[in-house]
Amino acid sequence: MNTKLTLRVDKNIIHQAKAHAARRGKSVSQMFGEYVSSLESTKNKPELPPTTKSLLGVLKGTEVSEADYKKYLEEKHA
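Residues numbered from 1 in each chain as written. Predicted model: local features only at pLDDT ≥ 70, side-chain atom pairs only at ≥ 80, totals over all residues. Heavy atoms only, no water.

1. A look at the environment of Leu48
- With respect to the helices and strands, the residue Leu48 is situated in the loop between helix H2 (28-43) and helix H3 (50-55).
- Each C-alpha atom of the pair Leu48 and Lys70 lies 26 Å from the other, and the pair is 22 residues apart in sequence.
- In this structure Leu48 touches Lys53 and Leu56, once residues within four positions along its chain are discounted. (Helix = DSSP H or I, 4+ residues; strand = E, 2+ residues; numbered from the N terminus. Contact = heavy atoms within 4.5 Å.)

See the structure below:
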């Protein structure tokens with residue numbers, strides 16, 4: 001069941017939200033609903049340990065293949 005919700009937001013944010021929604025082919029209401037739902041799904045995920053959390057994304061943009069990793073392991077244990 002859909003119910004109307006009124007939010008007070010800065011005009012610039014409204015324009016940004018509408019433009020972003022249009023690019024995605026969705027309404028602002030759909031986008032807001034998806035966002036709130038995503039908050040609930042991440043809420044149930046366990047918190048990562050600090051060391052693991054600090055390593056997230058360190059290899060972003062690099063090209064490390066499975067073959068590279070196997071080669072590294074072979075050299076390490078040779």
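2. Some thoughts on the pattern of salt bridges
- All chains considered together, the criterion is met by four salt bridges.
- Between Lys26 and Glu34 there is a salt bridge, with its nearest N and O atoms 2.5 Å apart.
- By relative accessible area, which is 33% here, Glu34 ends up partly exposed.
- Lys70 is the partner of Glu66 in a salt bridge, and the nearest nitrogen-oxygen pair spans 3.4 Å. Of the two residues, Glu66 and Lys70 both sit in helix H4 (residues 66-76), four residues apart, roughly one turn of that helix.
- Its relative accessible area of 57% is what places Glu66 among the exposed residues. (Salt bridge = Lys/Arg side-chain N within 4 Å of Asp/Glu carboxyl O. Buried < 20%, exposed > 50% of the residue type's maximum accessible area, 1.4 Å probe, protein only.)

3. Describing helix H1 (residues 11-24)
- Its 14 residues give H1 an end-to-end C-alpha distance of 20 Å, which sits within 8% of 20 Å, the value for a rise of 1.5 Å per residue.
- Of all 14 residues making up H1, only one are buried, and the element is barely covered by its neighbours.
- Taking the backbone nitrogen of Asn12 as reference, a side-chain oxygen 3.0 Å away marks Asp10 as the first, capping residue of H1.
- Just beyond H1, the residue with positive phi is Gly25, at close to 70°. (Expected span 1.5 Å × (residues − 1). Polar contact = N/O pair within 3.5 Å; in protein donor to acceptor, adjacent residues only side chain to side chain.)

4. Examining the packing of aromatic side chains
- Within the structure shown, the criterion is met by one aromatic pair.
- Centroid distance Tyr69 to Tyr72: 6.5 Å. Interplanar angle 25°. Geometry classified as stacked. Residue Tyr69 and its partner Tyr72 are located together in helix H4, separated by three residues, close to a single helical turn.
- Since its relative accessible area comes to 44%, Tyr72 is described here as partly exposed. (Phe/Tyr/Trp six-rings, centres within 6.5 Å; stacked < 30°, edge-to-face > 60°.)

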